Amino acid sequence: MSKETKKKRKNSCQDAEKTAKAKVVKQVTANPLAGQRSPYFDDRDGVEDKHGRSFFDVPCVDLAYNLLGQFIVRTIGGQRIRGRIVETEAYLGPVDKAAHSYQGKRTPKNESMFMVPGTSYVYNIYGMYCCINISSQGDGAAVLIRALEPIDGKDLMQQGRNAKTDTNRKLLKEKDLTNGPSKLCQALHIKKNDFDKVDLTTSDVIWLEKGDGVDSQAVVSCPRINIGYAGDWKDKPLRFYVLGNSCVSVRDKNAESALIAKDV
C-alpha cells in the first residue's frame, strides 16, 4: 500500500470519528436518570420502559441490529447499573459455523440458545471470564452483547472490573469499563451460575429498557471477531456497532470507510 493510500485511509477514518456524532440523531433533553448525556443517542425524557417478549421474538440479525441504542439494566442491592448497547454480534444457529449451536448441537451448556426469545445465554471463556448473549427467534440463535456505553452505576462498574485485581488500582477510563464482552460482564457483575437461562422479560435483577434506535447511516456492519475457525462464515457481516462510539471494542476501518463512502 502506498504512503498516499495510507494517508487517505487515515484521513477518512479521522473524518469518520469527527463527524459520527452528527450522523446519528440530533440530541434532545437528557434523561434525568441517565447521569449524563450521550453524544451518540437521543434520550427519552425519563421514559424507561422494560422490553417485553415481542422485542426479542424476531430473527437474530434483526435483534442484533435493534439492540443498538437499548439499555441493559442490572440491579445490585437497590443500586442500578445501566449502559447503552453499542456493539453486537448475531449467531444464527445450526447453519452458522461460528455458533455454539452449529449443526444443531444442543447441550446443557448451550441450552439457553434454544429457549424462549429474551433468555440470557451466559458462557465462560478462558476459565475465568464470561460473555452474555440473548436468544432470538430460531432454535439455537442468539445475539452476543459486545460493548456498552456506561450510563449509571459507574462506581459499581469500576468495582466489578477491579474485583480480580488490586483494589488500589488506578480507575479505568470510562470508555474502557465495558468495551468488550467479558469486560461488560465484569462491570455488570454477571456470572454464569447466576445469570445463564434468565428470562430478561421477567427478571428483577437484569433486564432491557427502551432506548432510541440508531440511524442506519451510523451502523457499521462487518465480520465478527475471533472466529477464524468458522470457514466462509468468518467473513459474513454479522457484527454491528455504532459509528464513532468510543466504547466499541474493535473498529473495522474498512467497513467504516465503505459506510461513509456510501453516504457521500
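Provided above is the structure to which this section pertains.
So, here's what we can say about the structure. Please read all numbers here as calculations on a predicted model, not as lab measurements.

Here the focus is the overall build of the protein chain. Check the secondary structure of the protein chain and you find seven helices and eight strands. Per-residue burial over the protein chain gives 50% buried out of 264 residues. For the protein chain, the share of sequence-separated contacts (at least 6 apart) that also reach a separation of at least 24 residues comes to 66%. When the accessible area of the protein chain is evaluated, it comes to approximately 12700 Å², of which 50% is carbon and sulfur surface.

The next thing to look at is the environment of Lys173. Its location among the elements puts Lys173 in the loop between α4 (154-161) and α5 (181-187). Spatially, the C-alpha atom of Lys173 lies 9.4 Å from that of Gln158, the residues being 15 residues apart in sequence.

All chains considered together, the criterion is met by 14 salt bridges. A salt bridge links Asp232 to Lys97; the nearest nitrogen and oxygen atoms lie 3.3 Å apart. Residue Asp232 is located in the loop between β7 (219-222) and β8 (239-242), and its partner Lys97 is located in the loop between β2 (79-91) and β3 (120-125); the two are separated by 135 residues in the primary sequence. In this structure Lys97 comes out as partly exposed when scored by relative accessible area, which is 34%. Notably, a salt bridge pairs Lys192 with Asp196, separated by 3.5 Å at the nearest N-O pair. Each of the two residues, Lys192 as well as Asp196, counts as buried.

Our next topic: the side chain of Arg224. Relative to the helices and strands, Arg224 is located in the loop between β7 and β8. With sequence-adjacent residues up to four places away left out, Arg224 is seen in contact with Glu89, Ala90, Tyr91, Asp96, Ala98, Trp233, Lys234, Lys236, Leu238 and Arg239.

Take the layout of surface pockets next. Reported here for the largest pocket is a volume of approximately 540 Å³. The wall of the largest pocket is formed by 28 residues, among which Tyr123, Ile125, Cys131, Arg146 and Pro181 lie closest to the centre. Elements represented by at least two residues in the lining of the largest pocket include exactly β2, β3, β4 (129-135), β5 (142-152) and α5. Looking at the lining of the largest pocket element by element, the count peaks at four residues for α5. A breakdown of the residues in the lining of the largest pocket according to their chemical character gives 16 nonpolar, eight polar and four charged.

With that settled, the discussion passes to the packing of aromatic side chains. Evaluation of the coordinates by the stated rule reveals three aromatic pairs. Ring geometry for Tyr65 versus Phe240: centroids 6.1 Å apart, planes at 75 degrees, classification edge-to-face. With Tyr65 in helix α3 (residues 60-66) and Phe240 in strand β8, the pair connects residues that are 175 residues apart, well separated along the chain. Accessibility expressed as a relative area gives 29% for Tyr65, which makes it partly exposed. Between Tyr121 and Tyr123 the ring centres are 5.3 Å apart and the planes differ by 40 degrees, which places this aromatic pair in the tilted class. Residue class for Tyr123 comes out buried when judged on its relative accessible area of 15%. In this structure, Arg224 packs its charged tip against the face of Tyr91, placed 4.6 Å from the ring centre. When the ring centre of Trp233 is taken as origin, the NZ or CZ atom of Lys236, which lies over that ring, is 4.9 Å away.

For the rest of this paragraph, the subject is the environment of Ser135. Along the polypeptide, Ser135 turns up in strand β4. Given the relative accessible area of 1%, Ser135 is considered buried.

Attention now goes to α4. Looking at α4, one finds that the buried residues are Leu156, Met157, Gln158, Gly160 and Arg161. Its buried side turned inward, α4 meets β2, β5 and α5.

Moving on: the pairing of β4. β4 sits mainly inside the fold: six of its seven residues count as buried. In the sheet, β3 pairs with β4 via six bridges, with the strands oriented antiparallel. For Tyr121, the partnering residue across the bridge sits in β4 and is Asn133. In this antiparallel pair of consecutive strands, β3 and β4, the connection spans three residues, and Tyr126 shows a positive phi of 55 degrees. Pairing geometry for β4 and β5, over three bridges, is antiparallel. Across the sheet, Ile134 pairs through a bridge with Val143, a residue of β5. Where β4 folds back onto β5 in an antiparallel hairpin, the turn is made up of six residues, including Gly138, whose phi is positive at roughly 95 degrees.

Scoring rules and cut-offs
Residues numbered from 1 in each chain as written. Predicted model: local features only at pLDDT ≥ 70, side-chain atom pairs only at ≥ 80, totals over all residues. Heavy atoms only, no water. Helix = DSSP H or I, 4+ residues; strand = E, 2+ residues; numbered from the N terminus. Buried < 20%, exposed > 50% of the residue type's maximum accessible area, 1.4 Å probe, protein only. Contact = heavy atoms within 4.5 Å. Areas by Shrake-Rupley, 256 points an atom, 1.4 Å probe, with all protein chains shown as cover. Salt bridge = Lys/Arg side-chain N within 4 Å of Asp/Glu carboxyl O. 1 Å grid on protein atoms, 1.4 Å probe; cavity = no way out; pocket = protein on both sides within 12 Å on 5 of 7 lines; lining within 4 Å. Points joined across faces, edges and corners; volume = space filled by probe spheres on them. Nonpolar A, V, L, I, M, F, W, Y, C, P; charged D, E, K, R; others polar. Phe/Tyr/Trp six-rings, centres within 6.5 Å; stacked < 30°, edge-to-face > 60°. Lys NZ or Arg CZ within 6 Å of the ring centre and 35° of its normal. Pairing = 2+ DSSP bridges.

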